[in-house]
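Take a look at the letters that make up each chain.
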Amino acid sequence: MDTLFRIDWSAVAPEVVKGLQDGTMRVSSANGVAYWARGSGSTGAVQHLPFVPANVSDASNLMESAKLLQAAQHAQMVAIGISTGVIVGAIVIQTMYLARKLDKLQKTIDLVSEDVHSQNIVFYMNKIADYFGSVESARIYLLDRSLQDEVRDIALPVLADLSIRRNQLFSFIDNILQLAKSDALSQRHYELIIDFVTLALEMLPKGAFVEKELYVFIEKYGLADLVLEQAETRYLNLLSTYRGWCNEQVKLAVKGSTRSGTILGRDDELKCLFSSEENKLLIGRA
């Protein structure tokens, strides 16, 4: 069982609750600070919110865990759309959720490297693993609010590196989907690409969320919102591209393509990705 700290909404000022509900304020899952949103006309922190301990039995299911914690809170707390998003973020930041996903991603990359002899593909896939490894390192910086001043000294180069890696990942996924159209690919390679892209897209909003939280942690509130806004736009465009690609593969499968037919067996995973409530909450600045 994982122990995390959630915000004690009963101690939040009414004006902060109102600001969070109307979108003029944001709240950090990492350090519990409510701050003015970019474009609100104001800047800076508004209130440092108190944390209380809570237990999560299985952090691998973000939405189920968040809703269980939400149900345990009092009725007068902030609207569920805001509160659930903040709890989801807290689980991502404070538990080993990302580390476990990173292990799964590395296993996928190992399978690709065994099956594919193109060094370029393996090289770039390892770059992606490096990105999520850097995200996990950044997450660790957020675990102790008393170290904020020390983290501030090293955070900016870390964040610049994360931004570059994230954008490289967006570009690589776009390119690998073009590669997947090649008739020269083996059946196994085609299937691995689908699994790899699905997992990477499932994780990307979590990575962008950690970036945003690290900006907030060092009190760069405007940049936090800007980075998440840009990541959201790029991510939604890429998700739309992948949805279109998958739909095209389904059409080919219906026409009798044996290779494309394997995508039909991944229908549940793809539906979960395209309708992911947790990713909407994390990357949509809920």
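Refer to the preceding data block for the structure.
Here's what I pulled together on the structure shown here. (Residues numbered from 1 in each chain as written. Predicted model: local features only at pLDDT ≥ 70, side-chain atom pairs only at ≥ 80, totals over all residues. Heavy atoms only, no water.)

Comments concerning unusual backbone geometry
Note the following rule: Strands here mean DSSP runs of E at least two residues long; helices mean DSSP runs of H or I at least four residues long; both are numbered from the N terminus. Classification of residues uses two cut-offs on accessible area relative to the type maximum, computed with a 1.4 Å probe and protein chains only: under 20% is buried, over 50% is exposed, and between them is partly exposed.
At Glu219, a residue that is not glycine, the phi angle is positive and equals roughly 70 degrees. Within the fold, Glu219 resides in the loop between helix H7 (187-217) and helix H8 (221-254). With relative accessibility at 40%, the residue Glu219 sits in the partly exposed group.

Observations concerning the packing of H7 against H8
What counts, and what does not: Only C-alpha atoms enter the line fits that serve as axes; for helices the fit covers just the stretch in contact. Angles between N-to-C directions range over 0 to 180 degrees. Our angle categories are set so that under 35 degrees counts as roughly parallel, over 145 as roughly antiparallel, 65 to 115 as roughly perpendicular, and the remainder as oblique. Put simply, a crossing is left-handed when the front helix is turned counterclockwise from the back one by less than a right angle, and right-handed when it is turned clockwise. Each residue gets one label: Ala, Val, Leu, Ile, Met, Phe, Trp, Tyr, Cys and Pro are nonpolar, Asp, Glu, Lys and Arg are charged, and the others, such as Gly, are polar.
With their axes 9 Å apart at the nearest point, H7 and H8 run at an angle of 165 degrees to one another. Relative to H8, the element H7 lies roughly antiparallel. Crossing hand, H7 versus H8: left-handed. Considering only residue class, the contact of H7 with H8 consists of 21 nonpolar, 2 polar and 2 charged.

Overview of the packing of aromatic side chains
To be explicit about the condition: Aromatic contacts are taken between Phe, Tyr and Trp rings whose centres are within 6.5 Å, Trp giving its six-membered ring; a plane angle under 30 degrees counts as stacked, one over 60 as edge-to-face, and the others as tilted.
Evaluation of the coordinates by the stated rule reveals 6 aromatic pairs. Seen from their ring centres, Phe172 and Phe196 are 6.3 Å apart, and the 75 degrees between their planes marks the pair as edge-to-face. Of the two residues, Phe172 is situated in helix H6 (residues 148-179) and Phe196 in helix H7; the sequence distance between them amounts to 24 residues. Each member of the pair Phe172 and Phe196 is classed as buried. Taken together, the aromatic side chains of Tyr190, Tyr242, Trp245 and Phe274 make up a single cluster linked through ring pairs.

Examining the nonpolar core
We apply this condition: Among the buried residues, those of types Ala, Val, Leu, Ile, Met, Phe, Trp, Tyr and Cys that are joined through side-chain atoms within 4.5 Å form a nonpolar core. Should any heavy atoms of two residues lie within 4.5 Å, those residues are considered in contact.
Ranked by internal contacts, the top residues of the largest apolar core, which has 78 residues, are Leu201 and Tyr242. Here this core takes 17 residues from H7, the largest share from any one element. Once residues lying within four places of it in the same chain are set aside, the contact partners of Leu201 are Ile173, Tyr235, Leu238, Leu239, Tyr242, Leu273 and Asn279. One finds Ile7, Ala34, Leu49 and Val86 within the second-largest nonpolar core, a separate group that totals 13 residues.

With respect to the pattern of salt bridges
The following threshold applies: Think of a salt bridge as a Lys or Arg side-chain nitrogen and an Asp or Glu carboxyl oxygen that are within 4 Å of each other.
Applying the stated criterion to the full structure yields 15 salt bridges. For Asp161, the salt bridge goes to Arg165, with nearest N and O atoms at 2.6 Å. With Asp161 and Arg165 both in helix H6 and 4 residues apart, this pair spans about one turn of that helix. The exposure class of Asp161 is partly exposed, given its relative accessible area of 30%. Of the charged contacts, one joins Glu213 and Lys212 as a salt bridge, the two residues approaching to 2.7 Å between their closest N and O atoms. Judged by relative accessible area, which is 0%, Glu213 ranks as buried. On the basis of relative accessible area, Lys212 is assigned to the buried category, the value being 7%. Beyond isolated ion pairs, a larger network of salt bridges with shared partners links Lys101, Glu202, Lys206 and Glu278.

A short note on the layout of surface pockets
Any empty space left between atoms is shown by rolling a water-sized probe over those atoms. Applied cut-off: Think of a 1 Å grid over just the protein atoms. A cavity is a set of points where a 1.4 Å probe fits yet cannot get out, a pocket is an open set with protein on both sides within 12 Å along at least five of seven lines, and lining residues have an atom within 4 Å of a point. Grid points are joined across faces, edges and corners, and a volume is the space filled by probe spheres set on the points.
In this structure, the largest pocket encloses a volume near 490 Å³. In this structure, the largest pocket is lined by 19 residues; those nearest its centre are Lys101, Lys104, Thr198, Glu202 and Glu269. Among the elements of the structure, helix H4 (97-115), H7 and helix H10 (267-274) are those that each provide at least two residues to the lining of the largest pocket. Grouping the constituent residues of the lining of the largest pocket by class yields 7 nonpolar, 5 polar and 7 charged.

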